[in-house]
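Report on the structure
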Amino acid sequence: MVEFHDSDGDLRGGDTEETGIELTAPSLFRIDYIAPPAAISDYVTTLYHFRCDEPWIRDVQPASIGHLVLFPHGKGRMCFPEGRFDKNPQVALMTPLSSAALIEVEGPFHAIGAALSPLGWAALTGLHAGEHSDRLCEAGEVLGAEVEELGSRLIERYRSGAATGEECAREIGAYVARRARPVNPRHAAFIKVVNGWLGASLNPDFSDLVEQAAYSERQIQRLTERYFGLPPQALARKYRALRSAALLSFPQLTPEYEAELGEAFFDQSHMIREIARFVGRTPARLGDAESPFLAEMISPTNLRELGG
């Protein structure tokens, strides 16, 4: 039986390289990404099927909005800032993450799920993203018995070989389509405005958001926390790191992108700290060709709600 780390400083959000935590070699991961159907493309950035058959897996989940995910194989935990952790239920809802989170699992480890957009989180759960951030919980606690019954059935079929990972992922997507509820049209429009504001620059100016949104500054603060999990300035900081990481994962940068990156941070050490906090890797490891999971999670495709 593998022993987990104690809940101490080594598990806090931040760069795993700086804390001395060794991550599982990315070459041992297998992952398939399935484009979501058009009916849920506003709600889901990608469907996925992840596998690692090592006896012990340690990896990092970059900061994100949320996932609806099945764990047919593997028992472990997700570690959050301040040393707190949640064990992984078989049918799970990962709430919006304010920073990268360490994952430790006794393998083999398989995960099948849907990565949600800000609008998707709101339409699926109806929960305040800021008040329910940084958790990995039983999906049924939020979404009810239907998702537990569906998840248990899919896990049984997957384990028996009656269904593939892709088939299960598409069933999860179909569930999102059935479950999603309309979001207040004005709020949905606001989410789109915030997405555009975040995507316009690595350092977007709050005054530009105030100018574009049909709300007061106080309302903007409140609505941004409700749908994105963080106030505007902190949210911009998070997405600056995620978008910068996506740029740095490219084999080569254009002079324009290099200049934008240079202007986005005080200095190189500032950039490294910020990317490590929200992505869980230092820039030197972002372009690793053997890191398919990380590359996909920070790719412009999965930041497309920001105009990526």
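Residues numbered from 1 in each chain as written. Predicted model: local features only at pLDDT ≥ 70, side-chain atom pairs only at ≥ 80, totals over all residues. Heavy atoms only, no water.

A few points about the overall build of the protein
- Looking only at helices and strands, the protein has 12 helices and eight strands in total.
- The buried share of the protein, reckoned over its 308 residues, is 52%.
- Taking all contacts inside the protein whose residues are at least 6 apart in sequence as the whole, residues at least 24 apart take part in 76%.
- Surface exposure of the protein reaches about 13,800 Å², of which carbon and sulfur atoms provide 49%. (Helix = DSSP H or I, 4+ residues; strand = E, 2+ residues; numbered from the N terminus. Buried < 20%, exposed > 50% of the residue type's maximum accessible area, 1.4 Å probe, protein only. Contact = heavy atoms within 4.5 Å. Areas by Shrake-Rupley, 256 points an atom, 1.4 Å probe, with all protein chains shown as cover.)

Points about empty space enclosed by the protein
- Tallied over the entire structure, the rule returns five cavities of 30 Å³ or more.
- By volume, the largest cavity is sized at about 250 Å³.
- Forming the boundary of the largest cavity are 18 residues, of which Gln61, Phe71, Ile103, Phe109 and Ala111 lie nearest the centre.
- Of all elements in the fold, only strand 2 (44-52), strand 3 (56-61), strand 4 (67-79) and strand 7 (101-116) reach the threshold of two or more residues within the lining of the largest cavity.
- Sort the elements by how many residues they give to the lining of the largest cavity and strand 4 lands first, with six residues.
- Counted by class, the lining of the largest cavity contains 12 nonpolar, four polar and two charged residues. (1 Å grid on protein atoms, 1.4 Å probe; cavity = no way out; pocket = protein on both sides within 12 Å on 5 of 7 lines; lining within 4 Å. Points joined across faces, edges and corners; volume = space filled by probe spheres on them. Nonpolar A, V, L, I, M, F, W, Y, C, P; charged D, E, K, R; others polar.)

A closer look at the environment of alanine 114
- Mapped onto the fold, alanine 114 is located in strand 7.
- Spatially, the C-alpha atoms of alanine 114 and proline 36 are 8.6 Å apart, while their sequence positions differ by 78 residues.
- If we skip the residues at most four places from it in the chain, alanine 114 touches Val44, Thr46, Leu47, Tyr48, Gly66, His67, Leu68 and Ile172.

Structural notes on the pattern of salt bridges
- A full pass over the atoms with the stated rule returns 10 salt bridges.
- The salt bridge partner of arginine 178 is glutamate 146, with a shortest N-O separation of 3.3 Å. Residue arginine 178 is located in helix 5 (residues 165-179), and its partner glutamate 146 is located in helix 4 (residues 145-160); the two are separated by 32 residues in the primary sequence.
- Exposure remark for glutamate 146: the relative accessible area of 41% places this residue in the partly exposed category.
- One salt-bridge network, held together by shared partners, links Arg58, Arg77 and Glu104. (Salt bridge = Lys/Arg side-chain N within 4 Å of Asp/Glu carboxyl O.)

Side note on unusual backbone geometry
- Of note, the amide linkage connecting glycine 107 to proline 108 takes the cis form, showing an omega dihedral of 5°.
- Position of proline 108 among the secondary structure elements: in strand 7.
- Residue aspartate 134 is not a glycine yet carries a positive backbone phi of 55°.
- When you line up the elements, aspartate 134 lands in the loop between helix 2 (118-125) and strand 8 (136-138).

Some details on the nonpolar core
- Judged by nonpolar contacts, the single largest core of 62 residues is most densely connected at Leu68, Val194 and Leu198.
- Broken down by element, the residue count for this core peaks at six residues, all from helix 9 (residues 232-248).
- Setting aside its immediate chain neighbours within four residues, leucine 68 contacts Ala92, Leu93, Ile112, Gly113, Ala114, Leu124, Ala139, Leu143, Val147, Ile172, Tyr175 and Val176.
- Listed in part, the 22 residues of the second largest apolar core include Ile57, Met78, Ile103 and Val105. (Core = buried A, V, L, I, M, F, W, Y, C linked by side-chain atoms within 4.5 Å.)

Some points on the packing of aromatic side chains
- Scanning all chains against the criterion turns up four aromatic pairs.
- Considering the side-chain rings of phenylalanine 50 and phenylalanine 109, the 5.6 Å spacing of their centres and the 65° angle between planes classify their relative orientation as edge-to-face. You can see phenylalanine 50 sitting in strand 2 and its partner phenylalanine 109 sitting in strand 7, a full 59 residues away along the chain.
- The exposure class assigned to phenylalanine 50 is buried, which follows from its relative accessible area of 5%.
- Relative accessible area serves as the criterion here: at 7%, phenylalanine 109 is assigned to the buried category.
- The positively charged end of arginine 77 is found above the aromatic ring belonging to phenylalanine 85, 4.0 Å away from the centroid.
- Looking at arginine 277, its charged tip hangs above the ring of phenylalanine 278, at a distance of 5.6 Å from the centre. (Phe/Tyr/Trp six-rings, centres within 6.5 Å; stacked < 30°, edge-to-face > 60°. Lys NZ or Arg CZ within 6 Å of the ring centre and 35° of its normal.)

Re the packing of helix 6 (residues 185-200) against helix 8 (residues 217-228)
- Between helix 6 and helix 8, whose axes approach to 11 Å, the crossing angle comes to 90°. Taken as axis vectors, helix 6 and helix 8 run roughly perpendicular relative to one another. Packed against helix 6, whose contacting residues are His187, Phe190, Ile191, Val194, Asn195 and Leu198, the element helix 8 presents Ile220, Leu223, Thr224, Arg226, Tyr227 and Phe228 at the interface. (Axes fitted to C-alpha atoms, helices over the stretch in contact; angles between N-to-C directions. Parallel < 35°, antiparallel > 145°, perpendicular 65-115°, else oblique.)

Everything listed here is a matter of geometry and, on its own, says nothing about what the molecule does.
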